[in-house]
Amino acid sequence: MRVEQLTCSIGAEIIGVNLADAAYDDGLFAEIKALLLKHKVLFLRDQDISRAEHVAFARRFGELEDHPVAGSDPEHPGLVRIYKDPDQPNDRYENAWHTDATWRDAPPMGCVLRCVECPPVGGDTMWANMALAYEKLPEDVKARIEGLRARHSIEASFGAAMPVEKRLALKAMYPDAEHPVVRTHPETGEKILFVNAFATHFTNFHTPERVRYGQDYSMGGSDLLRYLVSQAYIPEYQVRWRWKKNSVAIWDNRSTQHYAVMDYPPCVRKMERAGIIGDKTF
């Protein structure tokens, strides 16, 4: 196995490994997991593996979850098919900086994404290191957000384009979740800036120190949230990956955000993703 770091901040390519083998080799899997904690997203080329092998490898990290909107492959529960083609309208969900499913009380631990078919040019994905984003915040901002919590909503994201009845039913099934603005990584202990496109507002911003007048609550909280969400946009925290058929990305969903660049219509882009169930945030 050879490891090539891709940027100074995040991402490494693993060469000479087959994930079908790693699904059953304890030592090899342990090496990959350690590299994932270090680099936060790992990339591999030429992974001509079956869906069953894809699922078997991802399950080494933990049980897999279904997606209530995207759905799963009927023969492989937990394997979400993200297929785009000229006849399917642009849904405008993936091309925003986000951490997967933070609208869950326990967001996914991570994901394993494999490219089945991709455009000859375009359709890249970017990831951002949100531990570094927190580390680099000005000290006065760190002091302001200490102890803050934020609400995350599937209704305001995947439900936004649905008819009102369907949107409200989705919210009833998946009520808004609340997470710390700065979460602690359960394995590395890192502090991570944990707000993204699914975050709608702070839930405990309204204190005498922050809110002198009612105007401060709305404008002050909204402006601060927008500033924090925008930290993922900084290129120094990012890596960009160009897909080829049978390329794979493995990322730690607890410490990253990602953005699927939708610059390829009218081409076809077919991806299959296994999301691993995570733990409650703290």
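Within an unreviewed UniProt entry, the label attached to the chain reads Taurine dioxygenase, and the organism entered is Metapseudomonas lalkuanensis. Recorded in UniProt for the chain, the comment headed Sequence similarities (unreviewed entry) runs: "Belongs to the TfdA dioxygenase family."

This part is about the overall build of the chain. Helix and strand counts for the chain come out as seven helices and 16 strands. Here the C-alpha atoms of the chain give a radius of gyration of 19 Å, agreeing with the 19 Å that 2.2 N^0.38 yields for 282 residues. Structurally, the chain occupies a C-alpha span of about 60 × 40 × 35 Å along its principal axes. Burial statistics for the chain: of 282 residues in total, 51% are counted as buried. Long-range pairs, those at least 24 residues apart, make up 82% of the contacts in the chain between residues at least 6 apart in sequence. Approximately 13200 Å² of the chain is accessible, and the part contributed by carbon and sulfur atoms is 51%. In the chain, the 35 positive side-chain charges and the 40 negative ones have mean positions that sit 2 Å from each other.

The next thing to look at is the environment of Pro 108. Along the chain, the position of Pro 108 falls in the loop between β5 (76-84) and β6 (110-117). A relative accessible area of 2% places Pro 108 in the buried class. A C-alpha to C-alpha distance of 4.3 Å links Pro 108 and Gly 278, two positions 170 residues apart in sequence.

Our next topic: the packing of aromatic side chains. Under the counting rule described, the total for this entry stands at 10 aromatic pairs. Taking 5.6 Å as the distance between ring centres and 75° as the angle between the ring planes, the aromatic pair formed by Trp 103 and Tyr 174 counts as edge-to-face. You can see Trp 103 sitting in the loop between β5 and β6 and its partner Tyr 174 sitting in the loop between α6 (164-173) and β9 (177-180), a full 71 residues away along the chain. Looking at Arg 183, its charged tip hangs above the ring of Phe 194, at a distance of 4.9 Å from the centre.

Counted according to the given criterion, the structure contains 21 salt bridges. As a salt-bridge pair, Arg 59 and Glu 63 come within 3.9 Å of each other at their nearest N and O atoms. You can call Arg 59 partly exposed: its relative accessible area is 39%. Look at the salt bridges and you will find they share partners, linking Lys 33, Glu 187, Asp 252 and Arg 254 into a network.

This next bit is on the nonpolar core. Ranked by size, the top nonpolar core spans 29 residues in total, and within it Ile 145, Val 181, Leu 193, Val 195, Phe 202 and Leu 228 carry the most contacts. Looking at this core, the elements with two or more residues in it are β7 (125-129), α4 (130-135), α5 (139-145), β11 (191-193), β12 (199-202) and α7 (214-229). With five residues, the top contributor of residues to this core is α4. In this structure, Ile 145 is in contact with Tyr 134, Leu 137, Val 181, Val 182, Leu 193, Leu 224 and Leu 228, ignoring residues within four places of it in sequence.

Here is what the cut-offs are and how they apply
- Residues numbered from 1 in each chain as written.
- Predicted model: local features only at pLDDT ≥ 70, side-chain atom pairs only at ≥ 80, totals over all residues.
- Heavy atoms only, no water.
- UniProt positions renumbered as here; feature names shortened; annotations may be inferred.
- Helix = DSSP H or I, 4+ residues; strand = E, 2+ residues; numbered from the N terminus.
- Rg over C-alpha atoms; globule rule 2.2 N^0.38 Å.
- Buried < 20%, exposed > 50% of the residue type's maximum accessible area, 1.4 Å probe, protein only.
- Contact = heavy atoms within 4.5 Å.
- Areas by Shrake-Rupley, 256 points an atom, 1.4 Å probe, with all protein chains shown as cover.
- Lys, Arg positive; Asp, Glu negative; His and termini not counted.
- Charge placed at Lys NZ, Arg CZ, Asp CG, Glu CD.
- Phe/Tyr/Trp six-rings, centres within 6.5 Å; stacked < 30°, edge-to-face > 60°.
- Lys NZ or Arg CZ within 6 Å of the ring centre and 35° of its normal.
- Salt bridge = Lys/Arg side-chain N within 4 Å of Asp/Glu carboxyl O.
- Core = buried A, V, L, I, M, F, W, Y, C linked by side-chain atoms within 4.5 Å.

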